[in-house]
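Structural overview
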Amino acid sequence: MLLPNVPSSLLPLVARGCRIFRSGGAGADRLLTLPGRAGAVVLVPRGHGAPVLAREAGAQFVSVSTGLVCTPVRWAPAGAVAAVLREASAPRPCAPVAAVPLRADGVTVLRVHRLAATAARVSDGAPAAVVKGRRVVAVNARAAARGVGAGMLVRRALALCPGLRVHQPGDEQQRLVELGEWLTAEYGACVRVRGGFQLPAVPAGDDAAVLTALSDLRTRVWQATGLTVKAVSAPNAAAAGRLSRHLAGHWVASISAASAGLWAARLPLVRLHRSAAAGCWSGESMLDVEGVVSLAQALTAGARGAVRLRLWSDKGVLSAELSIPAAAGKAEVASRVEVAVRRALGGGVAVWALRWDAECVAAAVVAAPRQVALWA
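Residues numbered from 1 in each chain as written. Predicted model: local features only at pLDDT ≥ 70, side-chain atom pairs only at ≥ 80, totals over all residues. Heavy atoms only, no water.

A word on the pattern of salt bridges
Under the criterion given, the structure shown has 9 salt bridges. For Arg336, the salt bridge identified is with Glu332, shortest N-O distance 3.1 Å. Of this pair, Arg336 and Glu332 are both found in helix H9 (residues 330-345), 4 residues apart, which corresponds to roughly one turn of the helix. Among the residues examined, Arg336 registers a relative accessible area of 34% and is labelled partly exposed. By relative accessible area, which is 33% here, Glu332 ends up partly exposed. Shared partners join several salt bridges into a network, and the residues in it are Glu290, Glu338 and Arg342. (Salt bridge = Lys/Arg side-chain N within 4 Å of Asp/Glu carboxyl O. Helix = DSSP H or I, 4+ residues; strand = E, 2+ residues; numbered from the N terminus. Buried < 20%, exposed > 50% of the residue type's maximum accessible area, 1.4 Å probe, protein only.)

Considering the environment of Leu153
For Leu153, the position within the fold is in the loop between helix H3 (141-145) and helix H4 (154-160). On the basis of relative accessibility, which here comes to 25%, the residue Leu153 falls in the partly exposed class. For the pair Leu153 and Val136, spaced 17 residues apart in sequence, the C-alpha separation works out to 6.3 Å. The residues touching Leu153, leaving out its near neighbours within four places in the chain, are Arg134 and Arg135. (Contact = heavy atoms within 4.5 Å.)

Looking at the nonpolar core
Leu32, Leu85, Leu243, Trp263, Leu311, Val341 and Leu345 are the most contacted members of the largest nonpolar core, which has 64 residues in total. Among the elements that make up this core, the one with the highest residue count is helix H8 (residues 289-299) (7 residues). Ignoring sequence-local partners within four residues, the contact set of Leu85 consists of Leu10, Leu13, Asp29, Arg30, Leu32, Leu211, Leu243, Leu247, Trp251, Val252 and Ala253. Of all hydrophobic cores here, the second largest spans 29 residues; its members include Phe21, Leu31, Val42 and Leu199. (Core = buried A, V, L, I, M, F, W, Y, C linked by side-chain atoms within 4.5 Å.)

Re the pairing of strand E15 (residues 229-234)
Among the 6 residues of E15, 6 are classified as buried, and the element is accordingly described as predominantly covered. Residues of E15 alternate between two faces, with Val229, Ala231 and Ser233 on one and Lys230, Val232 and Ala234 on the opposite face, all of them buried. Sheet topology note: the strand E9 (residues 107-112)/E15 ladder contains 6 bridges and is antiparallel. If you follow Arg111 over to E15, its bridge partner there is Lys230. As for the winding sense of the linkage, the β-α-β connection from E15 through helix H7 (residues 237-246) to strand E16 (residues 251-254) is left-handed. (Pairing = 2+ DSSP bridges. Right-handed = clockwise from strand over helix to strand, strands pointing away.)

Details of helix H6 (residues 207-225)
Between its first and last C-alpha, H6 extends 27 Å over 19 residues, near the 27 Å set by a 1.5 Å rise per residue. Buried residues of H6: Val210, Leu211, Ala213, Leu214, Ser215, Leu217, Arg218, Thr219, Arg220, Val221, Trp222 and Thr225, and no others. A positive phi of about 80° marks Gly226, the residue just after H6. (Expected span 1.5 Å × (residues − 1).)

A closer look at the sheet that holds strand E12 (residues 165-167)
One open sheet accounts for 3 strands, arranged E11-E10-E12; its pairing is mixed. Edge positions in the sheet fall to strand E11 (135-139) and E12, since each has one partner strand and no second. Taken pair by pair, the neighbouring strands of this sheet meet at an average axis angle of 40°, ignoring direction. Pairing geometry for strand E10 (residues 128-132) and E11, over 4 bridges, is antiparallel. The residue of E11 that forms the bridge with Ala129 is Val139. (Axes fitted to C-alpha atoms, helices over the stretch in contact; angles between N-to-C directions.)

Things to note about the packing of H8 against H9
Here H8 crosses H9 at 140°, and the two axes come no closer than 9 Å. As judged from the angle between their axes, H8 and H9 are oblique. Crossing handedness for the pair H8 and H9: right-handed. Residues Val289, Glu290, Val292, Val293, Ala296 and Gln297 of H8 form the contact with H9, whose own contacting residues are Ala334, Val337, Glu338, Val341, Arg342 and Leu345. Looking at side-chain class alone, the contact of H8 with H9 contains 8 nonpolar, 1 polar and 3 charged residues. (Parallel < 35°, antiparallel > 145°, perpendicular 65-115°, else oblique. Left-handed = near helix turned anticlockwise from the far one by under 90°. Nonpolar A, V, L, I, M, F, W, Y, C, P; charged D, E, K, R; others polar.)

A short note on the sheet that holds strand E17 (residues 271-274)
Here we have 5 strands laid out as an open sheet, ordered E17-E18-E21-E19-E20, and antiparallel in their pairing. Lying at the two open borders of the sheet, with one neighbouring strand each, are E17 and strand E20 (316-324). Strand-to-strand twist across the sheet, computed as the mean angle between neighbouring axes with direction ignored, equals 15°. Relative to strand E18 (residues 278-286), E17 is paired through 4 bridges, and the arrangement is antiparallel.

No statement about biological role is implied by the geometric values presented.
Now the structure itself:
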């Protein structure tokens with residue numbers, strides 16, 4: 001079973017006209033679709049229901065799992081499968097990883113993600129930040145969880161996070177040279193591309209095996225050089241380059257030979273904006289309620305306070321208002337947004353634009369309790 005699922009880190013792909021679906025559990029691989037009908041096609045239901053994977057046979061679509069004809073009264077194409085994505089786990093410094101074999105039948109692109117944050121990410125198990133001058137330029141996940149962010153003054157970051165490890169930015173070009181030397185020693189000649197390197201080979205096997213191999217390769221690169229890379233394998237360099245350009249750093253992707261042609265066409269641009277206090281999306285109409293809910297959850301991941309949500313549909317502008325506590329977690333925010341969107345849509349309508357804005361709740365400043373010495 002497929003379900004629309006848009007992680008916030010993949011919103012740059014949504015801005016390029018892609019749709020994202022996941023199969024199975026929460027940690028399963030994602031299917032990325034682009035406009036087209038070549039190969040496997042994802043059909044979304046009109047209204048409520050789960051999407052299905054189908055193939056075009058003549059002038060109709062046939063379900064891959066059941067072999068039944070999917071009528072256009074109920075189903076609409078949401079694009080052809082253009083790539084398979086997997087969210088790679090955080091690499092461990094002591095986990096042994098065997099050498100990843102590659103075969104000369106395609107291209108693998110490795111791009112370094114957030115090179116300025118490399119020193120912070122190397123500090124495993126402790127909050128760390130890269131500092132330039134008097135301000136923070138990059139942080140790792142543990143420091144971000146304690147409220148430290150890029151652009152913050154160093155003294156403010158140290159006050160928020162006692163024990164924060166401070167690193168100076170390293171020589172980025174030298175780090176890339178070290179990565180190139182390691183790849184050359186491991187796999188032979190490699191081509192320098194913007195932000196990384198290109199190998200004239202890909203892992204063998206199906207999509208699942210390829211993604212597992214790319215995750216292992218990403219771990220080996222991190223253990224050898226301390227660099228966090230995103231890896232994409234494809235039949236040609238053009239397809240791998242276009243996807244890796246917009247992919248987040250903790251993802252790996254595989255593009256099959258059947259879907260490589262989808263990346264040769266011009267990608268449709270979608271209007272998308274997201275900030276801490278507002279967000280908007282407009283593009284091709286979404287006919288499935290689950291797709292609208294998933295997109296709204298991704299756009300409002302950082303919303304807090306009194307939120308006003310508006311949906312432009314074939315029944316006019318639908319509005320919904322909800323309140324999100326300042327201390328709400330990701331699961332609570334997603335749940336509140338889902339309830340509001342489903343109530344606004346009702347039985348299901350086509351939606352081609354979404355906008356939200358929030359009135360941030362002012363944080364109450366509580367004075368620290370005064371400590372009185374017992375001997376005073």
